[in-house]
Amino acid sequence: SEVILRMTPANIVSLHAGDYMIVDETHSEADLTALYASLLSRFPALTELSVTWMPSTTYQPFLAAMSISSLPATLKTLVVHSSHLDSLDVPYRIRITSSGGIFRRGWDKIIDALEHHAIIGRPFKHLVLKGFREPVLGEEDQEGFLRVEGLGVTVIDSRLPDMSK
């Protein structure tokens, strides 16, 4: 019960946001982005935001919210898990690849969020990638690394090579 008493937004330093989102056809994507931005602003001590993103989707609400809002100055690490469910032999794999995971569109969304915070004077220090990747890094990944590092953000690629390909 003491843990629950301390679970106030002001005490939360790490938050993981899944790849789900509110399905509400009465609100536009812009309205939902503003809603998620408002939610993130309620965590003043947040140091790490972790998001899961299915590569087949074009919208990850928390990444979109990061591109328009001013998150807490304490937030320095973005962790991206990419869900990729098309492998029948190993279901529910998490992978980030240039051919089927975070490709150019994905990198653009991540970089938009990181760039916004650099511009407003609240730069991130780390981008951590988790999941699986192709055995050899693709062109999109290499270009993405360069673009992120150009913002002064260190890329920590914790993905494992998927040797089943």
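For the structure, check the block above.
Cut-offs applied
Residues numbered from 1 in each chain as written. Predicted model: local features only at pLDDT ≥ 70, side-chain atom pairs only at ≥ 80, totals over all residues. Heavy atoms only, no water. Helix = DSSP H or I, 4+ residues; strand = E, 2+ residues; numbered from the N terminus. Contact = heavy atoms within 4.5 Å. Salt bridge = Lys/Arg side-chain N within 4 Å of Asp/Glu carboxyl O. Buried < 20%, exposed > 50% of the residue type's maximum accessible area, 1.4 Å probe, protein only. Core = buried A, V, L, I, M, F, W, Y, C linked by side-chain atoms within 4.5 Å. Pairing = 2+ DSSP bridges. Axes fitted to C-alpha atoms, helices over the stretch in contact; angles between N-to-C directions.

Q: Tell me what's going on with the environment of Ile111, and back it up with residues and numbers.
A: Within the element layout of this structure, Ile111 appears in helix α4 (residues 104–119). Along the chain, Ile111 and Gly144 lie 33 residues apart, while their C-alpha atoms are 8.1 Å from each other. Residues within four places of Ile111 in sequence aside, it is in contact with Gly144, Arg147, Val148 and Leu151.

Q: Report on the pattern of salt bridges, specifying residues and quantitative values.
A: The full count for this structure, using the stated rule, is three salt bridges. With a closest N to O distance of 2.8 Å, Asp108 and Arg147 form a salt bridge. Residue Asp108 is located in helix α4, and its partner Arg147 is located in helix α5 (residues 139–149); the two are separated by 39 residues in the primary sequence. Residue classification places Asp108 among the partly exposed positions, given a relative accessible area of 30%. On the basis of relative accessibility, which here comes to 31%, the residue Arg147 falls in the partly exposed class.

Q: Now, about the nonpolar core: what can you tell me, with residues and values included?
A: In terms of nonpolar packing, the biggest core is built from 30 residues, with Met66, Leu78 and Leu127 touching the most fellow members. Residue assignment for this core shows that the elements contributing at least two residues are β1 (14–17), α2 (29–40), β2 (48–53), α3 (61–66), β3 (77–82), α4, β4 (126–130) and α5. Once residues within four sequence positions are removed from consideration, Leu127 is found in contact with Leu78, Val80, Trp107, Ile110, Leu114, Val148, Val153, Thr154, Val155 and Ile156.

Q: With reference to specific residues and values, describe the sheet that holds β3.
A: Taken in spatial order, the five strands line up as β1-β2-β3-β4-β6 in an open sheet, and their pairing is parallel. Strand pairing shows two members of the sheet lacking a second neighbour, β1 and β6 (154–157), which therefore form its edges. Averaged over all pairs of adjacent strands, the angle between their axes in this sheet comes to 15°, without regard to strand direction. As paired strands, β1 and β2 are joined by four bridges and run parallel to one another. The residue bridging Ala17 from the neighbouring strand is Val51, located in β2. Sheet strands in contact with α5 are β4 and β6, and its direction is about 145° off that of β6.

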